[in-house]
Amino acid sequence: MAQLFEVHPDNPQPRFLRQCVQMLQAGGIGAIPTDSSYAFVCRLDDKAAAEALRRVRGVDEKHHLTLLCRDLSELANYAMVDNRQYRLLKLATPGAYTFILPATKEVPRRLSHPSRRTIGLRVPDHKVTQELLALFGEPLLSTTLIPPGDSEPMNDAAAVSERLDRQLQFVLDAGACPAQPTTVLDLSQGDEPVLVRQGRGELARLGLQLDSP
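Residues numbered from 1 in each chain as written. Predicted model: local features only at pLDDT ≥ 70, side-chain atom pairs only at ≥ 80, totals over all residues. Heavy atoms only, no water.

**A short note on the overall build of the chain**
Within the chain, the secondary structure is distributed over six helices and ten strands. Rg of the C-alpha trace for the chain: 16 Å, near the compact-globule value of 17 Å for 213 residues, within the 12% margin. With respect to the three principal axes, the spread of C-alpha positions in the chain is 45 × 35 × 30 Å. In the chain, buried positions account for 52% of the 213 residues. Summarising the internal contacts of the chain: among those between residues at least 6 apart in sequence, 65% fall at separations of at least 24. Entry remark: accessible area of the chain is about 10,200 Å², with carbon and sulfur atoms responsible for 45%. Put simply, the chain has 24 plus and 26 minus side-chain charges, and the middle of one group is 5 Å from the middle of the other. (Helix = DSSP H or I, 4+ residues; strand = E, 2+ residues; numbered from the N terminus. Rg over C-alpha atoms; globule rule 2.2 N^0.38 Å. Buried < 20%, exposed > 50% of the residue type's maximum accessible area, 1.4 Å probe, protein only. Contact = heavy atoms within 4.5 Å. Areas by Shrake-Rupley, 256 points an atom, 1.4 Å probe, with all protein chains shown as cover. Lys, Arg positive; Asp, Glu negative; His and termini not counted. Charge placed at Lys NZ, Arg CZ, Asp CG, Glu CD.)

Spelled out as structure tokens, the structure:
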């Protein structure tokens, strides 16, 4: 049964966050708010949890999962970034952007793209997410909270808890999210970023003018 924690969006109660951390450390799957939409999350180095995450989302191993990182220094542990890319990431973080980058050896091979050895990473601009990541002490593996059969993310935490009650250990309720996906930029294919999806993150903030695929 999923436990529903109602927290203040700007000043989340530490005791509730600590309980969520304990559930994640024990291999649980949670639903948390971000600056784009609610997301499913689990522990990075837990194979069984990662498989459960894909099942609850209804995706296979070819679907890019994303690491939620607390800051740029943490992100650099899991992706190979050159100076030019680092300057772009600095402009974009924290924010509603996901970057596809070559994965380092810190990323388990089963979590990277099977043919390209890449991983999606982002630094969310959301107080609750940031506080949870700080307490957890490492990135969280994540994917947008879109249940199988749906086309849009769910945005009501109580409805998430009710619908996915037996598949999640907890739902962290900080109110509605923007319900708009992140902008996804692929930095793994050469010198120029490739726009995979235009979402909430504005390209102008990064000084980019790219065509949508």
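**A closer look at the sheet that holds strand β4 (residues 66-68)**
Judged by pairing direction, the sheet is mixed, and its ten strands sit side by side in the order β1-β8-β2-β3-β7-β4-β6-β5-β9-β10 without closing on themselves. The open sheet has two free edges, formed respectively by β1 (3-6) and β10 (194-197), since each of these has just one partner strand. The average undirected angle you get between the axes of adjacent strands in this sheet is 30°. Direction of pairing for β4 relative to strand β6 (residues 118-122): parallel, over a ladder of three bridges. Bridge assignment links T66 to a residue of β6, and that residue is G120. (Pairing = 2+ DSSP bridges. Axes fitted to C-alpha atoms, helices over the stretch in contact; angles between N-to-C directions.)

**Section: the packing of helix α1 (residues 14-25) against helix α5 (residues 127-136)**
Contact geometry of α1 with α5 gives a least axis separation of 9 Å together with a crossing angle of 55°. The angle between α1 and α5 falls in the class oblique. α1 and α5 meet at a crossing whose hand is right-handed. Of the residues in α5, those touching α1 at P14, L17, R18, C20, V21, L24 and Q25 are V128, E131, L132, L135 and F136. Looking at the contact of α1 with α5 residue by residue, the class counts come to nine nonpolar, one polar and two charged. (Parallel < 35°, antiparallel > 145°, perpendicular 65-115°, else oblique. Left-handed = near helix turned anticlockwise from the far one by under 90°. Nonpolar A, V, L, I, M, F, W, Y, C, P; charged D, E, K, R; others polar.)

**Brief notes about the pairing of strand β9 (residues 183-186)**
Residues T183 and L185 point to one face of β9 and V184 and D186 to the other, with burial holding for every one of them. Pairing of strand β5 (residues 97-102) with β9, which is carried by four bridges, proceeds in the parallel orientation. Of the residues in β9, the one forming a bridge with I100 is D186. The pairing of β9 with β10 spans three bridges and is antiparallel. Among the inter-strand pairings, L185 is bridged to a residue of β10, identified as L195.

Note that every value here comes from positions in space, so none of it alone points to a role or purpose.
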